[in-house]
Every structure is written in structure tokens, then in C-alpha cells.
Amino acid sequence: MKCSVVSENFKKALLLVERSTSKDLTLPILSSFLISTESGSLRITGTNLEVGIETNIRSTIQDNGKVAIPARTLSSYISTIPKDEKIILESKDIDLIIHTQTQKTILKGYAQDDFPPFPQIKDLYKLSVKKQDIIQVISRNLISVSKSNIKPELASMYFVLDKDILIIASTDSFRLSEERIKPTAFSPKIARESFLLPLRTCEELIKLLEYGEGEEVIFFIGKGELCIRYNDTNLYSRLTEGNFPDYQQIIPKKFITQVTISRSVLAGHIKRASIFSNKLQAISLTFSPETGDCVIESNNRDIGEYKATMKAEIQGDKLSIVFNYHYLLEGIDIYSDDSLFFGFNNESQPLLIRPVKKEESLYVVMPMKGGI
């Protein structure tokens with residue numbers, strides 16, 4: 001293998017792929033990049049067997065070949081080279097020789113045949129979405145994905161292609177997020193298909209989409225695995241086995257108290273109230289339709305008390321309700337809209353939050369029992 005490439009392009013590709021490598025000392029080959037030249041481009045591949053990334057970058061190819069090089073060593077070295085410098089990569093047996101204008105460096109590698117092949121997905125169906133759409137809906141759903149792997153289905157994001165709508169949902173059993181977008185394209189004759197995408201893959205996808213300028217993201221879904229293509233990069237992932245909870249029955253459809261409230265003003269009060277919350281991180285909200293007042297309170301006998309009143313549009317019954325401020329604030333902060341809709345039934349039933357004019361996006365959070 002012999003090729004030349006601009007150091008900045010090489011550096012960006014290495015940083016992108018390195019996140020999919022493994023630190024498993026028992027399988028050191030998984031902590032390496034497979035660097036290969038074929039079809040006129042330089043390809044970099046990394047995998048931990050659960051997630052894999054391969055990307056192609058522009059280069060001038062002189063000889064084809066491949067080499068497996070420790071990822072951390074190569075990334076650390078390339079990060080020290082000026083970004084506009086042209087470098088020459090050349091393989092010799094299992095080692096990689098890197099030439100710059102003033103340096104020659106040899107990195108020891110592994111046997112290339114030990115590197116696992118990048119999976120070729122036999123897709124059952126595929127769908128395409130706009131980059132900005134998928135970034136927004138995954139970012140808003142991330143807060144509701146469980147961080148525990150005790151129930152893998154809750155540590156994943158639920159994707160449902162229902163006719164011409166893509167529904168994405170997540171829940172950790174304390175709160176629920178759901179988003180709906182329209183794919184730009186999808187396989188014909190699909191009535192309803194679904195899959196569970198692990199949390200780590202969702203996080204890697206967001207980082208991958210920040211790497212390029214393209215607008216289309218293509219999902220190729222196979223049996224128990226999928227490949228996501230964006231520009232010249234492929235992201236491979238195993239899918240989570242199991243069944244996502246039947247969450248639709250949790251989403252409130254009717255409300256006894258409805259509130260339209262300023263997102264930024266309420267968020268400010270919650271942040272201040274959090275300073276005085278108790279060990280359960282509880283804050284109380286009271287809504288009074290007669291006066292249009294929302295009262296936010298918190299109380300910690302070792303620190304002090306907080307009480308504030310703000311105006312809101314309130315319809316229905318008067319209501320006092322207690323929340324974990326983390327769960328409530330995170331659900332408010334995922335939106336950028338000026339006003340939010342709050343739908344309540346009583347002090348023990350879940351609260352539905354969504355932008356006032358966007359019913360395709362919602363967040364549901366359970367209240368706490370008792371007072372503050």
C-alpha cells in the first residue's frame with residue numbers, strides 16, 4: 001500500500017472511526033484501524049464487533065494494500081502534524097511508514113488477516129431521512145433512554161416505520177419521549193416495521209452526522225443488524241433483541257388542566273428552585289386558573305426555601321403536583337420553542353409536555369408522590 005493524503009482529512013477520519021474501536025486487551029486487533037486502499041480511495045475501518053465504522057477519504061493512490069495499526073498510537077501521532085501538510089502512507093509487511101516533509105515514522109502493526117471483516121448487510125428494507133430531522137429527533141430522545149443495561153430494550157431507541165411516518169421513542173420508565181418525522185424515501189409495500197437501536201449507536205450516529213455536509217441519511221435494516229450510510233461513511237450496528245413496552249397507553253389523550261407557559265421563564269425558576277430542593281430533588285408546581293398564576297416551590301430545611309410566581313394561560317381545575325426537577329427540566333430544555341403546552345390529569349398521573357404548535361413531538365414525565 002502506498003498513498004498520499006492531507007493530514008487534516010486523515011486526522012478527522014481517524015477521530016471519527018476511533019470511537020468504534022475496542023479497548024479489550026484480550027483482543028488487541030479490535031483496538032486498531034484497518035487502513036486499506038482500493039477503488040481509488042483510502043478507507044479506514046474500526047469495530048468492537050457490536051458497532052463498526054468505515055469511512056473513505058480522498059487520496060492519491062500509488063499501490064493498493066492494507067495494514068492494521070493501533071488506533072490510539074496512530075491518532076496521537078497524526079494529531080501533532082500541521083493540518084495542511086501532505087503525508088505519505090506506505091505499508092511494509094505489517095507495519096505502516098509515515099512520511100512528511102521532515103519526518104519518517106514507523107508504526108508497528110498487527111496481522112491484517114486477523115481484523116474482522118466489515119459486515120455486509122442483507123437489508124430487508126431501507127429508509128432515508130434528512131440529516132437535520134434525524135439529528136433533532138435522536139437528540140431529543142436521548143434523555144429518556146435508560147443508562148442501565150439491565151433491560152436492554154429500555155437502553156435502546158425504538159424506531160417504527162408506520163406507512164409513511166417514522167416514529168422514534170424512548171423511555172427509562174420514569175419519562176417517555178416520542179418524535180415523528182416523514183422519511184424522504186422508504187422501501188415499497190411496507191405497512192409497519194420496527195427495530196431497537198442501542199444507545200451507543202444512537203450517540204455515534206449523532207457524532208457521525210456532525211462530520212459531513214451531506215443532507216441524506218440512509219438506513220439499511222437487516223435481520224438483527226443494520227448499516228447507516230452518510231456520505232462516504234458506513235456505521236454498522238447490531239440491533240437490540242426484545243420488545244419495547246406498549247407505551248401508547250401511557251400517553252395522556254385528555255386533560256383536566258391545560259397550561260400554556262413560557263419555556264425560558266419556567267426553566268429559570270426550576271433551576272433556581274433546584275438549589276433549595278430536598279434529597280429527593282423535588283419541586284412543587286401549583287396552577288391556579290382563576291388568577292393565571294403558576295407557583296414554583298422547593299424546600300430544604302438545611303439550606304432554605306424558594307418560592308416564585310409566574311403568569312401562564314391556565315384552563316381547567318386547580319392543581320398542585322410534585323416532580324423530580326431533573327426529569328422536568330430536561331423535558332423542557334429539549335425544546336427551543338418560546339411556549340410549551342402542559343397537559344395534566346391529577347397529581348399522580350403523567351404530565352404531557354410538547355411545543356404549542358407541534359403535536360409530532362412530545363415528552364411525558366411521571367410526578368413524584370407526596371409533597372416537598
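Heads up: the structure comes first, above all this text.
Residues numbered from 1 in each chain as written. Predicted model: local features only at pLDDT ≥ 70, side-chain atom pairs only at ≥ 80, totals over all residues. Heavy atoms only, no water.

Here we take up the overall build of the protein chain. A tally of regular secondary structure across the protein chain gives 6 helices and 27 strands. Split into buried and exposed, the 372 residues of the protein chain put 53% on the buried side. In the protein chain, 68% of the contacts between residues at least 6 apart in sequence involve partners at least 24 apart. Of the roughly 18600 Å² that the protein chain leaves accessible, carbon and sulfur atoms contribute 48%. (Helix = DSSP H or I, 4+ residues; strand = E, 2+ residues; numbered from the N terminus. Buried < 20%, exposed > 50% of the residue type's maximum accessible area, 1.4 Å probe, protein only. Contact = heavy atoms within 4.5 Å. Areas by Shrake-Rupley, 256 points an atom, 1.4 Å probe, with all protein chains shown as cover.)

A word on the pattern of salt bridges. Summed over all chains, the structure comprises 14 salt bridges. Across the pair R238 and E50 runs a salt bridge, and its minimum N-O distance is 3.7 Å. Residue R238 is found in strand 18 (residues 233–238), and its partner E50 is found in the loop between strand 3 (41–47) and strand 4 (51–57); the two are separated by 188 residues along the sequence. Look at E50 and you get partly exposed, because its relative accessible area is 46%. A salt bridge links E359 to R354; the shortest N-O distance between them is 4.0 Å. What emerges from the salt-bridge pattern is a single network uniting D172, R175 and E330. (Salt bridge = Lys/Arg side-chain N within 4 Å of Asp/Glu carboxyl O.)

Applying the stated rule across the entire model yields 10 aromatic pairs. Between Y158 and F244, the ring centres sit 4.7 Å apart and the planes meet at 15 degrees, which makes this aromatic pair stacked. Highlighted residues: Y158 in strand 11 (residues 156–162) and F244 in the loop between strand 18 and strand 19 (257–262), separated in sequence by 86 residues. Assigned by exposure class, Y158 and F244 land together as buried. Centroid distance F244 to Y247: 5.9 Å. Interplanar angle 80 degrees. Geometry classified as edge-to-face. Comparing F244 with Y247 shows no difference in burial state: the two are buried. Clustering of aromatic rings is evident, with ring pairs tying together Y158, F244 and Y247. R354 extends its terminal NZ or CZ atom over the ring of F341, reaching a point 4.5 Å from the ring centre. (Phe/Tyr/Trp six-rings, centres within 6.5 Å; stacked < 30°, edge-to-face > 60°. Lys NZ or Arg CZ within 6 Å of the ring centre and 35° of its normal.)

Turning our eyes to something else, we now look at the sheet that holds strand 8 (residues 95–99). Ordered by their spatial adjacency, 5 strands build an open sheet running 5-1-7-8-9, and the pairing between neighbours is antiparallel. Each having just a single partner strand, strand 5 (60–63) and strand 9 (104–107) make up the two edges of the open sheet. Pairwise comparison of adjacent strand axes, ignoring direction, gives a mean angle of 20 degrees for this sheet. Where strand 7 (residues 86–92) lies against strand 8, 5 bridges are found, and the strand directions are antiparallel. Across the sheet, L89 pairs through a bridge with I98, a residue of strand 8. Across the sheet, helix 1 (residues 7–18) is in contact with strand 1 (2–6) and strand 7; its angle to strand 1 comes to roughly 95 degrees. Docked against the sheet, helix 2 (residues 71–78) engages strand 7, strand 8 and strand 9, running at close to 5 degrees with respect to strand 8. (Pairing = 2+ DSSP bridges. Axes fitted to C-alpha atoms, helices over the stretch in contact; angles between N-to-C directions.)

So, about the sheet that holds strand 13 (residues 175–181). Read from one edge to the other, the open sheet built from 9 strands follows the order 15-11-12-13-27-26-25-19-23, with strand pairing classed as antiparallel. Sheet topology places strand 15 (192–198) and strand 23 (313–316) at the edges, where each strand pairs with a single neighbour. Neighbour-to-neighbour, the strand axes of this sheet turn through a mean angle of 15 degrees, independent of strand direction. Sheet topology note: the strand 19/strand 23 ladder contains 4 bridges and is antiparallel. The residue bridging T260 from the neighbouring strand is E313, located in strand 23. Docked against the sheet, helix 3 (residues 131–141) engages strand 11, strand 12 (165–171), strand 13 and strand 27 (361–365), running at close to 170 degrees with respect to strand 13. Packed onto the sheet, helix 5 (residues 263–275) meets strand 19 and strand 25 (339–344) and runs at close to 90 degrees relative to strand 19.

Looking at where D293 falls in the secondary structure, it is placed in strand 21 (residues 293–300). By relative accessible area, D293 is classed as buried at 19%. Among the polar contacts made by the side chain of D293, one reaches the side chain of T291 at a distance of 3.1 Å. At a separation of 2.7 Å, a polar atom in the side chain of D293 contacts the side chain of K311. Residues contacting D293, with those up to four places away along its chain left out, are T286, F287, S288, T309, M310, K311 and I314. (Polar contact = N/O pair within 3.5 Å; in protein donor to acceptor, adjacent residues only side chain to side chain.)

At a minimum axis distance of 10 Å, the contact between helix 5 and helix 6 (residues 325–333) shows a crossing angle of 155 degrees. With respect to each other, helix 5 and helix 6 are oriented roughly antiparallel. In terms of crossing hand, the pair formed by helix 5 and helix 6 is left-handed. Of the residues in helix 6, those in contact with R263, L266, A267, I270, K271 and S274 of helix 5 are Y325, L328, L329, I332 and D333. (Parallel < 35°, antiparallel > 145°, perpendicular 65-115°, else oblique. Left-handed = near helix turned anticlockwise from the far one by under 90°.)

Positive charge collects at one region of the surface, where K23, R72, R200 and K207 lie side by side. For R72, the position within the fold is in helix 2. (Patch = residues over 30% accessible without salt bridge, like charges linked within 9 Å, V, L, I, M, F, W, Y side chains within 5 Å. Lys, Arg positive; Asp, Glu negative; His and termini not counted. Charge placed at Lys NZ, Arg CZ, Asp CG, Glu CD.)

Of all 7 residues making up strand 13, 6 are buried, and the element is well covered by its neighbours. Here strand 12 pairs with strand 13 via 6 bridges, running antiparallel. Paired with S170 across the two strands is S177, which belongs to strand 13. Linking strand 12 to strand 13, which pair antiparallel, is a turn of 3 residues; within it S173 sits at a positive phi near 85 degrees. Where strand 13 meets strand 27, 5 bridges bridge the pair, whose relative direction is antiparallel. Paired with S177 across the strands is Y363, a residue of strand 27.

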